[in-house]
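Coordinate analysis (summary)
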Amino acid sequence: MSGIEIHKVTAHIGARVSGVDIDRPLGSDTVAALREALNVHKALVFDNVNLDDETQQSFVRHFGDVTTAHPTVSSIAGTPNVLPVDSERGRAANHWHTDVTFVLNPPQATTLRSITIPPYGGETLIASSAAAYRQLPEPLRQLADTLWAEHTNDYDYAVSDEEVDERQAANRAEFTSIKYRTVHPVVRVHPLTGERGLFIGGFAQRIVGLSPGESRKILDLLQTYVTRPENILRHRWSENQLVVFDNRITQHYAVDNYDGQPRRLHRVTVAGDVPVGIEGKASYSIEGDASHYTAVAA
């Protein structure tokens, strides 16, 4: 563990890590230090990494079981656990979301590795939902504590029907090829730190017990706290970088500001636990089996 340096990037989220070779097997003390850093800072940036798809997966396995690439979207050929985040597939992630919250146990952590970087733009924004929860006024916090939301993949990310071309329609069909509907607490308790965070984002479509219109107003109001500028790490990608973020207590957004130039990251995620709300009640599935995608972490 000696030699690890962790430098805070912003007040509420993000740290840059140096002094550790993550392309090699890590000792238990080093893994514990990285886990603690992730708990504290929510997102970690590693520069000048020497990783390929295999060693990225090996690094991820220090944190838990690796999921397959995605419940519905195809992986890199011959590499079932790696998802290409590729501008050629369309820029569908330019909305605020937490990865795969439409399944019962979304990933606990996400890793993204830079492959092809545009000469400008293409940043990834990562927001602390823990900071957002802390900033809620007391009446709004009390309301949020009682709410549950239905998350689903059965809608398009952010593209209106009029803007969908043939390729986008095919991507949408693949994304929704298995329909998922899962109910999660709006306020999730982190299983390692006990922190509370707003567990919403783009896949949260309806508040249980409310109409779609009422749900949208409340979700939009809560979301404004997540996306406050002071709660966001704006990561500008460089070559040979790896970013890890805690998917249980963050949201992220891929900025589409690079004029359609090539941009490619490789994503590997860590199997997660079933979310739990402040009263100890766990999330529950309404539709869709994700057992082919992920194990359930203890």
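Structure first, text after, so check above.
Here the structure is a predicted model, which is why all the values come from computation and not from measurement.

What follows covers the pattern of salt bridges. Counted according to the given criterion, the structure contains 17 salt bridges. Between Arg24 and Asp21 there is a salt bridge, with its nearest N and O atoms 3.7 Å apart. Residues Arg181 and Glu287 are paired through a salt bridge, measuring 3.9 Å at the closest nitrogen-oxygen approach. Highlighted residues: Arg181 in strand β8 (residues 181-185) and Glu287 in strand β16 (residues 284-287), separated in sequence by 106 residues. Classification of Glu287 by relative accessible area gives partly exposed; the value is 34%. Ionic contacts of the salt-bridge type, sharing partners, join the residues Glu150, Arg181, Arg206 and Glu287 into one network.

Where nonpolar side chains cluster on the molecular surface, the patch consists of Val208, Tyr284 and Ile286 and spans about 230 Å² of accessible area. Locating Val208 in the fold gives a position in the loop between β11 (204-207) and α6 (212-226). For Val208, a relative accessible area of 38% gives the class partly exposed.

Moving on to the sheet that holds β11. The strands that make up a sheet are held in pairs by hydrogen bonds between backbone atoms, and each pair lies either parallel or antiparallel. Within the open sheet, the four strands sit side by side as β11-β7-β8-β16. Their pairing is antiparallel. Of all the strands in the sheet, the pair left with one neighbour each is β11 and β16. Pairwise comparison of adjacent strand axes, ignoring direction, gives a mean angle of 30° for this sheet. Judged from the three bridges that link them, β8 and β16 form a sheet pairing that is antiparallel. By the bridge assignment, Thr182 is partnered in β16 with Ser285.

With that out of the way, let us pick up the sheet that holds strand β2 (residues 15-18). One open sheet holds the seven strands; their spatial order is β1-β2-β3-β13-β5-β15-β4, and the pairing between them is mixed. The strands lining the two open edges of the sheet, one partner per strand, are β1 (5-8) and β4 (83-86). On average, each strand axis in the sheet is inclined to that of its neighbour by 25°, with strand direction left out of account. On top of the sheet, helix α1 (residues 28-41) reaches β1, β2, β3 (43-46), β5 (109-116) and β13 (242-246); it is set at about 125° to β3, its chief contact. Contacts from helix α2 (residues 53-60) reach β3, β5, β13 and β15 (264-270) within the one sheet, and its direction differs from that of β15 by about 30°.

Our next topic: α1. Each α-helix turn comprises 3.6 residues. Residues three or four places apart therefore point the same way. Helix length check: α1 (14 residues) gives 20 Å between terminal C-alpha atoms against 20 Å at 1.5 Å per residue, within 8%. All buried positions along α1 are accounted for by Thr30, Val31, Ala33, Leu34, Arg35, Ala37, Leu38, Asn39 and His41.

Here β1 pairs with β2 via four bridges, running antiparallel. Paired with Ile6 across the two strands is Val17, which belongs to β2.

Enumeration according to the criterion identifies seven aromatic pairs in this entry. Between Phe46 and Phe59, the aromatic rings sit 5.7 Å apart at their centres with planes inclined by 75°, giving edge-to-face as the arrangement. With a gap of 13 residues between them, Phe46 in strand β3 and Phe59 in helix α2 connect regions that are remote in the sequence. Pair check on accessibility: Phe46 and Phe59 agree, each one buried. Taken together, a centroid distance of 5.8 Å and an interplanar angle of 80° make the contact between Phe102 and Phe175 edge-to-face.

Glancing now at the nonpolar core. Soluble globular proteins tend to pack their nonpolar side chains together in the buried interior. Counting 26 residues, the largest nonpolar core has Ile22, Phe46, Phe59 and Leu242 as its most contacted members. Broken down by secondary-structure element, the contributors of at least two residues to this core are β2, α1, β3, α2, β13 and β15. For this core, the leading source of residues is α1, giving five residues. Non-local contacts of Ile22, meaning those with residues more than four positions away in its chain, are made with Phe46, Val49, Leu51, Phe59 and Leu242. Counting 22 residues, the second-largest nonpolar core is a separate cluster that includes Leu125, Ala144, Val187 and Ile207.

The next point concerns unusual backbone geometry. Even without glycine at this site, Lys42 takes up a positive phi of about 75°. Of note, Lys42 is situated in the loop between α1 and β3. Classification of Lys42 by relative accessible area gives buried; the value is 4%. Its identity as a non-glycine residue notwithstanding, Asn240 has a phi of 60°, on the positive side. In this fold, Asn240 is placed in the loop between β12 (232-235) and β13.

Of note, Leu51 is situated in the loop between β3 and α2. We classify Leu51 as buried; its relative accessible area is 12%. Leu51 sits 132 residues away from Val183 along the chain, and the two C-alpha atoms are 36 Å apart.

Criteria and thresholds
Residues numbered from 1 in each chain as written. Predicted model: local features only at pLDDT ≥ 70, side-chain atom pairs only at ≥ 80, totals over all residues. Heavy atoms only, no water. Salt bridge = Lys/Arg side-chain N within 4 Å of Asp/Glu carboxyl O. Helix = DSSP H or I, 4+ residues; strand = E, 2+ residues; numbered from the N terminus. Buried < 20%, exposed > 50% of the residue type's maximum accessible area, 1.4 Å probe, protein only. Patch = residues over 30% accessible without salt bridge, like charges linked within 9 Å, V, L, I, M, F, W, Y side chains within 5 Å. Areas by Shrake-Rupley, 256 points an atom, 1.4 Å probe, with all protein chains shown as cover. Pairing = 2+ DSSP bridges. Axes fitted to C-alpha atoms, helices over the stretch in contact; angles between N-to-C directions. Contact = heavy atoms within 4.5 Å. Expected span 1.5 Å × (residues − 1). Phe/Tyr/Trp six-rings, centres within 6.5 Å; stacked < 30°, edge-to-face > 60°. Core = buried A, V, L, I, M, F, W, Y, C linked by side-chain atoms within 4.5 Å.

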